[in-house]
Amino acid sequence: MRYRRLLAVPAVALLLAAACGGDDDDDDGGAAPSEGQEENTGTVNLMSAGEPEEVEAYQQIFDDLINSETDYDVEIESVGDFEEQFQIRAEGGNLDVAAVPQPGAIPDLVDSGSIVALEDMGFDIDELNDTLGESFVALGEYKGKHYGLPTNINLKSMVWYPKDDFDAAGYTVPETWDDLMALSDQIVADGGTPWCVGFESEGATGWPATDWMEDIMLRTAGPDTYDQWYKHEIPFNDPAVLAAAEQFGDVMFKDGYVLGGAQATPDIAFGDAPLPMFDDPPGCWLHRQASFINANFPEDAEAGVDYDWFQLPPIDQEGTLFGGELTVVGSNRPEVVDFLNRFIAEDVQCEMGGVQASSRISPNVDVGPDCYANDILADASVILTDSLSSGTGRFDASDLMPAEVGSGTFWTGMIDYMRGGPDNAEQVLDQIEDSWPS
Amino acid sequence: MAIDTEEPTAPPEPGTEESAGRSPARDAVTIGLFALGLVVGAVITWVVLAQALDYMRDRDSNRLLVIGLALALGVGGIFFLFWAMDRLVNMLPRDVSERVRPYVYVGPALVILAVFLIYPVINTIILSFKDNIGQDFVGLDNFKFVFTDPSMLRSIRNTLLWIVLVPLCAVSIGLIFATLADRLRRGEAIAKSLIFLPMAISFVGAAVTWRLVYGFRPEGFGSNVGLLNGIKLGLGQDPVAWLTIRPWNNLLLIVIMIWIQTGFAMVVLSAAIKSIPDEIVEAARIDGASELQVFRHITVPSVLPTIVVVTTYMVINAMKVFDIVYVMGSPEANQTEVIAERMIQWFFLSNNDGRGAAIAVVLFLAVIPVMVWNVRQFRQQEAIR
Amino acid sequence: MSLTVPLPTEVEEAPSGATVTASETVGVRRGGWFTKIVIIAVVVLWLIPTLGVVITSFRPETLADTTGWWTALAHPFRTSEWTIENYRLALDTGGFENAFLNSLAVAVPSTVMPITIAAFAAYAFSWMEFRGRYVLFVLVVGLLVVPLQMALIPILRLYTGGASIGGVQIFPDLDLTGTLPAVWLAHTAFGLPLAVYLLRNYIGSLPSSIIESAKIDGADHFTIFWRLVVPLSVPALAAFAIFQFLWVWNDFLVAYVFLGGTRDTRVLTIALAGLAGSRGQNWHLLTAAAFITMLLPLLVFFSLQRYFVRGLTAGAVKG
């Protein structure tokens, strides 16, 4: 009796095993992307480092323009610690699409097989060059293929000033670097402090200083040397870089130029830095920072009335520094490709520019200034597209360098520079050069 | 379930009687059936779980139902699993069953740990010998880096400070507080809850909390809303950028962790203190012992095993601290680096898998002395028992 | 089944003959003034930082950013000092209720599952003899040191694609990523070392006489565990439950990596984390958010307090 009962058990077991075996066959996840297209899963997940308000607005746009028309849904995620989370997803094999603000991280991920090439997904690079500008598309190039699609651009070479007080004091917007320095001297002579500078940003402290260096480097050494710089075709302590660092020091270390002095800059939160401009009388008059900073201005400050901006003037030549995002793909699926095509298309990009909370400008050359919600973005977009076509525009170098330098020693090197003083420049550059991964 | 006192002996085989000897053949059969039973049980469990899993993983399922299902399966199911395995073990011959049973009890925990923790550890160790994208072997280069880079050496120095101060303060304060709170007639629960509160605040909340204590703004950039600077200004002095003062800023950060972790120490020690039998303490007091003597000679020795446990946990936690250091200012600029923070920095932010993994391996090795100490304590306690 | 057990005598007797003044005894014992003063002092010290956050959470943004929170105490009745706007904005966060339910759906199973598994293991480590019990136990404790960030990528790979060695699938491709069971398993695994450690300590320190006499009475291990050890271990089980619930409730990383940050799956910590804006413009909203997320764990803590009862062992001994 007992034996017969026991024999029944393995028989049942075999049946169950056969039933279970069938279930595991449908493979519909994010497996290795280089194996060619997989099936449509019905969702596309986009990782974004944008602000939650921006991202919510974009989700709305996607819902209206994309989700309503297609058989898949696009979900956009606003990610805090973007670099960390992005790396985890990519290496963990769980990445759909991500808008990466630091393209320098891409080569490593390509080498580890986590990212799909645009060519492999069927994109025509020439078409992309026409729509998005060749220099920008070229940023995603690695080992002969392209891995990143430009989807967002923002202007960095902006100097903000308190317009009402500025005009009242009789100051004029400088056209050249020498004019800018003369203006600063004028402000000092009038008893004020010209520059507000703040570099603190928790674990990322130092990044605004790298923007300064890059702006200056572009305007002194020129775009070609700039390219050699971030590609490490010239060493980090090359005389051209040293000259730019010293020029930077001329502004930072000059007596009375910077509110609080250069040593205090690593302690001042970058978001707090522009605030003295809105005091009465202004604690400072000039603040060099990218286009997003006006989100930190006081609520009641009005653009064009209480504050305005001008482009950082040329030194030895013109230059425009911009940042942005390259969108990368971890999983080659038809809905992903379809989404990307719609994402860079003019209608979606124009809508996104119209979002009030946004500070993004579209790299799509067909997107005109009237798409933008505020005049600041509209004006900036004109400058950007001009610079792209004239070849004087360049992407933020520290975002293109390997992460070890671009998000590591370059930042901390700048802090050391500020704290150590003007004579420190060479030593700082030497250290950064030493840290470049071989 | 009634307590069945004849349970432990194996049920008699059909048609035979329990005689003095057992044939090896029958032993082999029973062991075989036991193994088969395990396999069948596993398969059935798998099928049931798969169905339930499919329901639970569906995002549209009613969440409360999902929780209920998870509880039923997670608790009831797991309990049933243990009970079933225990029954299976009972089928085995007596001496074999007693040798196998402990592994059945410990088994599920070990399996889960093996998959979720041990496998990543092995993965990490392998990575530590490879390059920054985890592809080519580079031998001991990463370890050389760990012990020569100035920032790494600083982080080691700082971590030592953390692992000494945090357990020392948190456990002492927790123990004393738990002892005293135990004696309160009323208000014990409230007092303990208030010390426990910092543990309930999420990490983000704790960061905001302490920024409101240590925060600094230089002249002209707004007023100082940090408590310490508020006090300084009230005394007529200038505000200070507290978190940038090297090396004292380390102590300021350590205070944050002590603030958070003392609650843990207190709760655990409180449970231990409450299991000291009243009679012993009363007897001692009747004998004329002072409170301090009761504390030193009764309380502390009684809860010593728990003190070992709590201290060990604090030490290991202090070794792993990362968030606090990372969020309060720039660790490298302020020289507040610690080992775990360096690990995250190298692995995730500077994208160097090899170095990050090597630092993690150093962390694994650093816990060995703690483990050795635990083994010794463990054996001592068992000897007394 | 009745158990009669002599009182444990392993503990040292206090030295007798010490002279003690009556006032000293009264002051310290049974909650006298010394005890009260020390407790109040420590509590106040501990509360000050929290007080700052709570007060700030009720202040309007401009005030919070321009004046110290202590200034609000000087004028507690001025209505312009206070506002509930921060709370309104925090609660208004897109999908708050959804995130709350998700957090609950993650936290409750993730708390009870490790307890169940660990209790059995802890019992085995305490009261069963087997080869390798020291080594295995210390291994489990040693796993406490594994930083969870190091485990994320390997586990994610397992969830997403399964694992195989040389073509043989040893871990099935369950495609668990983004599902609740994925998070439960991860949290269970991360919580097991501490659970086993704490529970073993407590279970191991139960008077051996109780266990011995139960064995003599003929109870098997399962019965001893279920009927004797578990009821006696309630304080330790409750303590661990609190910690695990707290840790899972406040967790961000594990939920984000394994469940995701999209509108429908994100937990409360993720939903509220975005409040401040990535450039910290709205940090004052975090104060309200911190307070909100803190409420449930505190409630859990408070309600589990009744399990921290004195004399559990003594009572059971006589029963």
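In what follows, the structure referred to is the one given above.
Residues numbered from 1 in each chain as written. Chains lettered and ligands numbered in written order. Predicted model: local features only at pLDDT ≥ 70, side-chain atom pairs only at ≥ 80, totals over all residues. Heavy atoms only, no water.

A. How the structure looks around the interface of chain B and chain C. Facing 135 residues of chain B, the contacting portion of chain C comprises 144 residues. Between chain B and chain C, a total of about 12,600 Å² is buried, with carbon and sulfur atoms accounting for 75% of that surface. Summed over the shared surface of chain B and chain C, the number is 8 residue pairs in polar contact (both at pLDDT 80 or more). In terms of residue count, the dominant contributor to the side of chain B that touches chain C is helix α3 (residues 94–127) of chain B (20 residues). (Contact = heavy atoms within 4.5 Å. Buried area = accessible area lost by both parts, 1.4 Å probe. Polar contact = N/O pair within 3.5 Å; in protein donor to acceptor, adjacent residues only side chain to side chain. Helix = DSSP H or I, 4+ residues; strand = E, 2+ residues; numbered from the N terminus.)

B. Geometry of the packing of aromatic side chains. Summed over the entire model, instances satisfying the criterion amount to 65 aromatic pairs over all chains. Both rings, one in Trp69(C) and one in Trp70(C), keep their centres 5.9 Å apart while their planes meet at 75 degrees; by these two values the pair is edge-to-face. Centroid distance Phe245(C) to Trp249(C): 5.7 Å. Interplanar angle 15 degrees. Geometry classified as stacked. With a gap of 4 residues between them, Phe245(C) and Trp249(C) both fall in helix α12 (residues 234–249), about one helical turn apart. Residue classification places Phe245(C) among the buried positions, given a relative accessible area of 8%. Here a set of aromatic residues connected by ring pairs shows up, and it is made of Phe79(B), Phe82(B), Tyr105(B), Phe120(C), Tyr123(C), Phe222(C), Phe225(C) and Trp226(C). (Phe/Tyr/Trp six-rings, centres within 6.5 Å; stacked < 30°, edge-to-face > 60°. Buried < 20%, exposed > 50% of the residue type's maximum accessible area, 1.4 Å probe, protein only.)

C. Focus on the state of the cysteines. All names here are of chain A. With the rule as written, the count across this model stands at 2 disulfides over all chains. In this model cysteine 196 forms its disulfide with cysteine 284; the gap between the sulfur atoms is 1.7 Å. Judged by the torsion about the S-S bond (-95 degrees), the cysteine 196/cysteine 284 disulfide is left-handed. Pair noted here: cysteine 196 is in the loop between α8 (177–189) and α9 (207–220) and cysteine 284 is in the loop between α11 (239–253) and β8 (287–288), with a separation of 88 residues, a long-range link. Judged by relative accessible area, which is 2%, cysteine 196 ranks as buried. (Disulfide = S-S within 2.5 Å.)

D. Main features of the side chain of Gln59(A). Position of Gln59(A) among the secondary structure elements: in helix α2 (residues 52–67). The residues touching Gln59(A), leaving out its near neighbours within four places in the chain, are Asn67(A), Val74(A), Glu75(A), Ile76(A) and Arg263(C).

E. Examining helix α8 (residues 227–234) of chain B more closely. Residue and element names in this part refer to chain B. Taken together, the buried positions of α8 are Leu227, Asn229 and Gly230. With its buried residues spanning 160 degrees around the axis, α8 presents them on a single face. Just downstream of α8, glycine 236 is the residue with a positive phi angle, here 85 degrees. (Arc of directions from axis to C-beta.)

F. Molecular detail of the sheet that holds β8(A). Residues and elements named next belong to chain A. The strand order across the open sheet formed by 3 strands is β8-β7-β9, and the pairing between neighbours is antiparallel. Looking at which strands have only one partner, the edges of the open sheet turn out to be β8 and β9 (308–311). Pairing analysis gives 4 bridges linking strand β7 (residues 158–161) to β9, with the strands arranged antiparallel. What sits directly across from methionine 158, in β9, is glutamine 311. Packed on one face of the sheet, helix α14 (residues 375–390) meets β7 and β9 and runs near 5 degrees to β9. (Pairing = 2+ DSSP bridges. Axes fitted to C-alpha atoms, helices over the stretch in contact; angles between N-to-C directions.)

On their own, these measurements won't tell you what the molecule is for.
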